[in-house]
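# Coordinate inspection notes
Next come the chains, spelled out residue by residue.
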Amino acid sequence: MTHRRPKALLAMRRAYVPQLFPDVVRARIERHADIDVALAVERLDDPRVAALLPELEVLITGWGCPPLDDAFLRSAPRLGAVLHAAGSVKAHVTKAVWDRGIAVASAAEANAVPVAEYTLGAILLAGKGAFRLRERYRGDRTFTVAEVVPDVGNHGRRVGVVGASRIGRQVISHLSRHDFEVRLYDPYATTAPVPRLGLEELLATSDIVSLHAPATPETHHLLDRDRLALLPDGAVLINTAQGSLIDTRALVDELKSGRISAVLDVTSPEPLPGHSVLFELPNVFLTPHIAGSQGNELARMGAAVADELERLAAGLPLLHPIQYRDLDNAA
Ligand SMILES: NC(=O)c1ccc[n+]([C@@H]2O[C@H](COP(=O)([O-])OP(=O)(O)OC[C@H]3O[C@@H](n4cnc5c(N)ncnc54)[C@H](O)[C@@H]3O)[C@@H](O)[C@H]2O)c1
């Protein structure tokens, strides 16, 4: 049996399209939408889609989609859903979209998967002392097999998670399969899968602290100089969230002292200036904002959009809707 397929359009940087929608995902999208996947627009006033906009029902957005401004919304009176094949919708979905009653969904849950995996890897290696023992091996070029390294290991290590966000919850779920003692700080979470602590207590009693809160006015420099000073000697701070959560100057001072170490996938500013000492310090493991979906991981976000299209076709509610009222405390 065939069903009527809504008219749909891709709006995103074209370079992402092949990896977001490999053949198997593309076939699912085309089954449920009347769409030309080869035509992804980077501007909503692209003349090639001017004739389509009056009929447009579903807009599939991705990284690089411009803001859905009033002019676009006026030109697309039948638009009923915006399905985002990436995480945050804050950069392009305007309040006017919700005011018009247009449904919005995002693939943030799918994008959380690789970030949580990266974080689990970082926690396991940090707990093992792998980052600093690697540096020592590089320096000494020798080691003793039977050497006792008393302060490493992942048995009973205390991990503090900041933010019961999508990513934070996936991290906690991964950690539950290991022998960690996991605690959470989140002033907004209504449920908590692990014990909750105040931020100061969490910082002062964690061997590893992993940040998973969104960038909001409230989380700007959440870890300032005073709070960084609470971390125990030898602690490892992991940031895959946003650079603005940490006062970079204060962090650099702590790291220069050698008292703590850090795994940083995000920084402020980003990218760092070429002369930043964070590139040089042996107790910093720095990556260029790669924890989120990369390479073959983009297809998971494309598949999340296909899931939502299938649900629309079946008359089911969206799986991962985004409400305007939730944006203040969300990524
Ligand atoms: N490194 C990367 O490539 C990458 C990729 C995706 C997301 N991120 C970042 O990861 C973080 C989490 O993303 P997400 O999609 O899981 O977020 P999310 O939108 O699911 O997080 C929202 C939740 O964060 C919690 N929160 C809000 N304010 C808080 C505060 N002051 N203190 C503690 N918790 C607070 C609340 O529980 C809220 O419900 C964000 O900073 C996001 O930008 C990074």
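Residues numbered from 1 in each chain as written. Predicted model: local features only at pLDDT ≥ 70, side-chain atom pairs only at ≥ 80, totals over all residues. Heavy atoms only, no water.

## Description of the packing of aromatic side chains
Test applied: Any pair of Phe, Tyr and Trp rings, taking the six-membered ring for Trp, is counted once the centres come within 6.5 Å. Such a pair is stacked with planes under 30 degrees apart, edge-to-face with planes over 60 apart, and tilted for the rest. Here a helix means four or more residues in a row that DSSP labels H or I, a strand means two or more in a row labelled E, and each is numbered from the N terminus. Type-normalised accessible area, obtained with a 1.4 Å probe on protein chains alone, sets the label of each residue: buried when under 20%, exposed when over 50%, and partly exposed for intermediate values.
Within this structure, the stated rule accounts for four aromatic pairs. Plain terms: the ring middles of W98 and Y324 are 5.6 Å apart, the flat faces sit at 55° to each other, and that makes the pair tilted. Here W98, found in helix α4 (residues 95-99), pairs with Y324, found in the segment after α11 (298-313); they are 226 residues apart in sequence, far enough to count as distant. Under the relative-accessibility criterion, W98 is labelled buried at 12%.

## Quick notes on the domain arrangement of the protein
Where the parts come together, the accessible area they lose is often given as the size of the interface. Our working rule: For the domains described, the bounds stem from an automatic or database domain assignment. Every residue pair with non-hydrogen atoms within 4.5 Å of one another is taken to be in contact. By salt bridge we mean one thing: a side-chain nitrogen of Lys or Arg within 4 Å of a carboxyl oxygen of Asp or Glu. Each polar contact in these results corresponds to two N or O atoms within 3.5 Å; when the atoms are within protein, one needs to be able to donate a hydrogen and the other to accept it, and residues that are neighboring in sequence are counted only if both atoms are side-chain atoms.
Looking at the assigned domains, one finds that the protein contains domain 1 (8-106 + 295-329) and domain 2 (111-286). Computed over C-alpha atoms only, the centres of domain 1 and domain 2 are separated by 34 Å. Counting from both sides, the interface comprises eight residues of domain 1 and, opposite them, 10 residues of domain 2. Counting every contact that joins domain 1 to domain 2 gives zero salt bridges. Taken together, the links from domain 1 to domain 2 amount to zero residue pairs in polar contact (both at pLDDT 80 or more).

## Remarks on the environment of A229
Looking at where A229 falls in the secondary structure, it is placed in helix α9 (residues 225-230). Of the residues examined, A229 reaches a relative accessible area of 46% and is grouped as partly exposed. A C-alpha to C-alpha distance of 44 Å links A229 and A96, two positions 133 residues apart in sequence. Excluding residues within four positions of it along the chain, A229 makes contact with E254 and R259.

## Describing the layout of surface pockets
We count it as follows: Both site types are read off a 1 Å grid over the protein atoms alone. A 1.4 Å probe that fits but cannot get out defines a cavity, while an open set with protein on both sides within 12 Å along at least five of seven lines defines a pocket; lining residues have an atom within 4 Å of a point. Grid points are joined across faces, edges and corners, and a volume is the space filled by probe spheres set on the points.
Taken as a whole, the second largest pocket spans an internal volume of roughly 500 Å³. F131, R132, V236, S261 and N283 are the residues nearest the centre of the second largest pocket, which is lined by 32 residues in total. Taken together, the elements giving at least two residues each to the lining of the second largest pocket come down to α5 (108-127), α6 (130-140), β10 (261-264) and β11 (284-286). When residues of the lining of the second largest pocket are assigned to their parent elements, the largest contribution, six residues, is made by α6.

## Thoughts on the side chain of H212
Tracing the backbone through its elements, the reader meets H212 in the loop between β8 (208-211) and α9. What makes H212 buried here is its relative accessible area of 4%. Among the polar contacts made by the side chain of H212, one reaches the side chain of S210 at a distance of 2.7 Å.

## Some thoughts on the site of the ligand
Short version of the rule: Near, as used in this document, describes a residue that has one of its heavy atoms within 4 Å of the molecule or strand being considered. Accessibility throughout is a Shrake-Rupley quantity obtained with a 1.4 Å probe, and a residue counts as covered only by protein chains that appear here. For this scheme, ten residues count as nonpolar: Ala, Val, Leu, Ile, Met, Phe, Trp, Tyr, Cys and Pro. Four count as charged, namely Asp, Glu, Lys and Arg, and the remainder, Gly too, count as polar.
Not every one of the 27 residues close to the ligand is listed here, only the nearest: D186, A213, Q242, G292 and A331. The contact in question runs from an oxygen atom of the ligand to an N or O atom on the side chain of S165, over 3.2 Å. At 2.9 Å from a nitrogen atom of the ligand is found a main-chain nitrogen or oxygen belonging to T240. For the ligand, whose accessible area on its own is 870 Å², the fraction buried by protein is 89%. Broken down by secondary-structure element, the contributors of at least two residues to the shell around the ligand are α5 and α7 (166-175). Tallied by class, residues from the shell around the ligand come to 13 nonpolar, 10 polar and four charged.

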